[in-house]
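Architecture and fold: a report
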Amino acid sequence: YEDGRVDKQLTWLWLFVLSAPGPSLQIRFDEEVAAHAWVNVSGARDWVSQAPTDFCHETIVRLVTKGLDILRACMPFSGRTAAKIDACLTSHRNFRWSLESFRV
């Protein structure tokens, strides 16, 4: 920025298991959200692959891609307890190690 500020962000992937399909829920976003879309894991993976410039930069593309690959490996979530989902996600030990390469 011209005033000397430096933009730094912390990006973290979160998994939310909703009680109903996203589009059917009444979710109010704050004023910082310009637009939103509901996509499934496969659709999100296709989006990242086909339009990487829709994302901030290569680091975010790599982070999202890795996260989506792990989610796909742990699906389906339907009928599974939170503990079982967590166990699957944390079984991907290389995920934390892989994130080390994203440090800037």
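Since this is a predicted model, take the numbers as computed values, not measurements.

Counted by the stated rule, this structure contains one aromatic pair. Arranged with centres 5.0 Å apart and planes meeting at 50 degrees, the rings of W47 and F55 form a pair that is tilted. A residue is classified by how much of its surface remains accessible, and W47, at 38% relative accessible area, is partly exposed. The exposure class assigned to F55 is buried, which follows from its relative accessible area of 17%.

Bringing the side chain of T65 into the picture now. Inspection of the secondary structure assignment puts T65 in helix 2 (residues 58–74). Apart from the residues lying within four places of it in its own chain, the contact partners of T65 are R45 and V48.

Another point: helix 2. With 17 residues, helix 2 extends 25 Å from end C-alpha to end C-alpha; this agrees with the ideal 24 Å at 1.5 Å per step. Residues I60, V61, L63, V64, T65, G67, L68, I70, L71 and C74 constitute the buried set of helix 2.

When pLDDT is averaged across the protein chain, the result is 78; 83% of the residues are at 70 or more. The low-confidence segment residues 97–104, where pLDDT is below 50, has seven contacts with residues more than four positions distant or belonging to other chains.

This part is about the state of the cysteines. What the rule picks out here adds up to one disulfide. Shown here is the disulfide that connects C74 with C88, its sulfur atoms set 2.1 Å apart. Because the sign of the S-S torsion sets the handedness, a value of about -95 degrees for the bond joining C74 and C88 places this disulfide among the left-handed ones. Of this pair, C74 sits in helix 2 while C88 sits in helix 3 (residues 82–90), and the two are 14 residues apart along the sequence. The class for C74 is buried, based on a relative accessible area of 1%.

Nonpolar side chains collect at one region of the surface, where W14, F16, L18, I27, F29, V33 and W38 lie side by side and expose about 760 Å² of accessible area between them. The topology assignment puts F16 in the segment before helix 1 (41–50).

Time to look at the pattern of salt bridges. Pairing is possible between side chains of opposite charge, provided their charged atoms come close. Summed over the entire model, instances satisfying the criterion amount to two salt bridges. Two residues, D69 and R45, come together in a salt bridge whose shortest N-O distance is 2.8 Å. Remark: R45 occurs in helix 1 and D69 occurs in helix 2; sequence separation between them is 24 residues. With its nearest N and O atoms 3.4 Å apart, the salt bridge here joins R72 to D69. Of this pair, R72 and D69 both sit in helix 2, separated by three residues, roughly a single helical turn. What you see here is one network of salt bridges that share partners, running through R45, D69 and R72.

Parameters and conventions
- Residue positions are counted from 1 within each chain, in the order its sequence is given.
- Only residues with pLDDT of 70 or above have their local features reported here, since the model is predicted, and side-chain atom pairs are shown and tallied only from 80 upward, although totals for entire chains, interfaces and linings are computed over all residues.
- Based on all heavy atoms of the structure, the side-chain values leave hydrogens and waters out of the count.
- Stacked, tilted and edge-to-face are the three classes assigned to paired rings of Phe, Tyr and Trp, where Trp is represented by its six-membered ring and a pair needs centres within 6.5 Å; plane angles under 30 degrees give stacked, over 60 edge-to-face, the rest tilted.
- Exposure classes here rest on a 1.4 Å probe applied to the protein chains alone. A residue is buried below 20% of its type maximum, exposed above 50%, and partly exposed in between.
- What counts as a helix is a DSSP run of H or I of at least four residues, what counts as a strand is a run of E of at least two, and both are numbered from the N terminus.
- Only heavy atoms enter the contact rule, under which two residues are in contact if any of them lie within 4.5 Å.
- An expected span of 1.5 Å times one less than the residue number is assigned to each helix.
- The predictor rates its confidence in each residue with pLDDT, a number between 0 and 100.
- In this description, the term disulfide denotes a pair of cysteine sulfurs within 2.5 Å.
- In this analysis, a patch consists of residues with relative accessible area above 30% that form no salt bridge, clustered at 9 Å for like charges and at 5 Å for the nonpolar side chains Val, Leu, Ile, Met, Phe, Trp and Tyr.
- Each accessible area is a Shrake-Rupley estimate made with a 1.4 Å probe; only the visible protein chains count as cover when residues are assessed.
- Throughout this description, the term salt bridge denotes a Lys or Arg side-chain nitrogen within 4 Å of a carboxyl oxygen of Asp or Glu.

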